[in-house]
Amino acid sequence: MGNTPLVELEKIAADGEFRVFAKVERFNPGGSIKDRPALNMLLDKLRSGELVPGRHTVIESSSGNLAIGLAQVCCYYGLRFICVVDVRTTEQNLAVLRAYGAEVQVVTEPDPVSGEYLPERLRRVAELAASIPGAYLPDQYGNPLNAAAHLTTMREIDEALKGEVDYVFCAAGTTGTLGGCAAYVREQGLNTSVVAVDAVGSVLFDSPVSCSRLIPGHGTSVLPSLFDPTAADHVVHVTDLEAVVGCRRLVRHEALLAGGSSGAIVAALGKMAPRIPAGSVCVLVLPDGGDRYLDTVYSDAWVRRHFGEVTHLWADDPSSRDTPPHGAGIDLKETVSC
Ligand code: PMP
């Protein structure tokens, strides 16, 4: 796990006078950045003897990448894993979870007050924990080992670029990535600004408007107890549509098929670009790959259903493919909110 590739992106911000690198986290064995906290949160308990293979059960609410990471680690160490998901979980993720031997519980109704599924999922986890002796709840929203897992993420970036990182862009969901990267920057006294990429409609950093969200891992509806607002030097809010445009531009200009929150990070880079001094080195931490989003972000029908006719936002003159037009990937003013 870890030691994922760091690749330079030369086209997406071709007009910016700064360099951009992507930390491509899809190359973790479970396919995402969440392999790191999944392993870290369980290894600690396995080493201390609090989790014993064949005896203990791990229970977590996650419908996506952390679930897959935990399913993988539990499978390897012979731990029972119950994963609480909701009806929005994709068939593909459910199939991956079951292939690793996870037991899946699906929450079918959202919380009647907020209309969100997450509070209901957390309630289901608590019920299960009360009925299963010795159950371990990693609790990605409150577990410091989630954030601590990302000390390695930032260390790998720092070592690869020999301390010359001016900006690191992190998607914020549980805020584990953000907190861990920021902690490493502080511990090492680096001159790196940490940029939090939050969703418009998320509860983390004063969102300009409140609205429902479509991109998993991009923002959150419940404030994580792990959350430290001082971890971020800059906060950029990104809409779902901007995230989709970011994904489509990333694949078009860099042939990098990335997940929805990675598109949000690309969009955030575009919004920050006018404020980034020439010669800076920027790193985008891309949480996962696009294969898990073929029915959403990369489906024209899905995009049309949610946002209307917007393909012009990532289209460009085919004759200028190698040199993207002015602002390719960094001019998002045309996009609409929510
Ligand atoms: N993007 C994706 C695709 C994710 O799965 C997650 C984690 N849920 C995030 C972003 C957010 O990362 P973190 O939980 O570390 O804030």
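Criteria and cut-off values
Residues numbered from 1 in each chain as written. Predicted model: local features only at pLDDT ≥ 70, side-chain atom pairs only at ≥ 80, totals over all residues. Heavy atoms only, no water. Near = heavy atom within 4 Å. Polar contact = N/O pair within 3.5 Å; in protein donor to acceptor, adjacent residues only side chain to side chain. Areas by Shrake-Rupley, 256 points an atom, 1.4 Å probe, with all protein chains shown as cover. Nonpolar A, V, L, I, M, F, W, Y, C, P; charged D, E, K, R; others polar. Buried < 20%, exposed > 50% of the residue type's maximum accessible area, 1.4 Å probe, protein only. Helix = DSSP H or I, 4+ residues; strand = E, 2+ residues; numbered from the N terminus. Contact = heavy atoms within 4.5 Å. Pairing = 2+ DSSP bridges. Axes fitted to C-alpha atoms, helices over the stretch in contact; angles between N-to-C directions. Phe/Tyr/Trp six-rings, centres within 6.5 Å; stacked < 30°, edge-to-face > 60°. Salt bridge = Lys/Arg side-chain N within 4 Å of Asp/Glu carboxyl O. Core = buried A, V, L, I, M, F, W, Y, C linked by side-chain atoms within 4.5 Å. Domains from an automatic or database assignment. Buried area = accessible area lost by both parts, 1.4 Å probe.

**Student:** Can you break down the site of the ligand residue by residue, with the values?
**Tutor:** By nearness alone, 15 residues border the ligand, and G173, T174, T175, T177 and S261 come closest of all. Within the backbone of G176, an N or O atom sits 3.5 Å from an oxygen atom of the ligand. Residue T177 places a side-chain N or O atom 2.6 Å away from an oxygen atom belonging to the ligand. Protein chains shield 92% of the accessible area of the ligand, which is 390 Å² for the free molecule. Of the residues assigned to the shell around the ligand, the class counts are 5 nonpolar, 8 polar and 2 charged.

**Student:** I'd like a description of helix 6 (residues 151-160), backed by residues and values.
**Tutor:** Taken residue by residue, helix 6 has T153, M154, E156, I157 and D158 as its buried positions. Against the buried residues of helix 6 lie strand 2 (19-24), helix 1 (35-48), strand 7 (167-171), helix 7 (176-187) and strand 10 (281-286).

**Student:** Can you lay out the sheet that holds strand 6 (residues 135-136) for me, pointing to particular residues and giving the numbers?
**Tutor:** The strand order across the open sheet built from 4 strands is 5-4-3-6, with neighbouring strands paired in parallel fashion. At either margin of the open sheet sits one strand with a lone partner, and together these are strand 5 (103-107) and strand 6. For strand 4 (residues 80-86) and strand 5, the ladder comprises 5 bridges, and the chain directions are parallel. The partner of V85 across the bridge, within strand 5, is V106. Each of strand 3 (57-61) and strand 4 touches helix 2 (residues 65-77); the most contacted strand, strand 4, lies at about 165° to it.

**Student:** An account of the packing of aromatic side chains is requested, with residue identities and associated values reported.
**Tutor:** Summed over the entire model, instances satisfying the criterion amount to 3 aromatic pairs. Judged by centre distance (6.1 Å) and plane angle (70°), the rings of W302 and F307 are edge-to-face.

**Student:** How would you sum up the pattern of salt bridges? Please name residues and give values.
**Tutor:** If you walk through the whole model with that rule in mind, you get 16 salt bridges. Measuring nitrogen to oxygen at the nearest pair gives 2.6 Å for the salt bridge that ties D291 to R26. You can see D291 sitting in the loop between strand 10 and helix 10 (300-307) and its partner R26 sitting in the loop between strand 2 and helix 1, a full 265 residues away along the chain. With a relative accessible area of 36%, D291 lands in the partly exposed category. The shortest N-O distance in the salt bridge between E156 and R36 comes to 3.0 Å. Of this pair, E156 sits in helix 6 while R36 sits in helix 1, and the two are 120 residues apart along the sequence. With relative accessibility at 13%, the residue E156 sits in the buried group.

**Student:** Quick rundown of the nonpolar core? Include the residues and the values.
**Tutor:** Judged by nonpolar contacts, the single largest core of 44 residues is most densely connected at F169, L269 and L284. Elements with a contribution of two residues or more to this core: strand 2, strand 7, strand 8 (193-199), strand 9 (234-238), helix 8 (240-254), helix 9 (260-272), strand 10 and helix 10. Top element by residues in this core is helix 9. It accounts for 7 residues. The next biggest cluster of nonpolar side chains, apart from the first, holds 25 residues, and it includes L178, L204, F205 and V285.

**Student:** Residue-level account of the domain arrangement of the chain, with values.
**Tutor:** When the parts come together, some accessible area is lost, and that loss is often what is quoted as the size of the interface. Considered domain by domain, the chain is made up of domain 1 (6-27 + 150-311) and domain 2 (35-142). At the junction of the two partners, domain 1 supplies 17 residues and domain 2 supplies 12 residues. Summing the contributions of domain 1 and of domain 2, the shared interface buries around 1200 Å²; its carbon and sulfur component is 47%. Linking domain 1 with domain 2 are 2 salt bridges, by the criterion used here. Counting across the domain 1 and domain 2 interface gives 8 residue pairs in polar contact (both at pLDDT 80 or more). Broken down by element, the residue count for the side of domain 1 that touches domain 2 peaks at 3 residues, all from helix 6. A breakdown of the residues in the side of domain 1 that touches domain 2 according to their chemical character gives 4 nonpolar, 7 polar and 6 charged.

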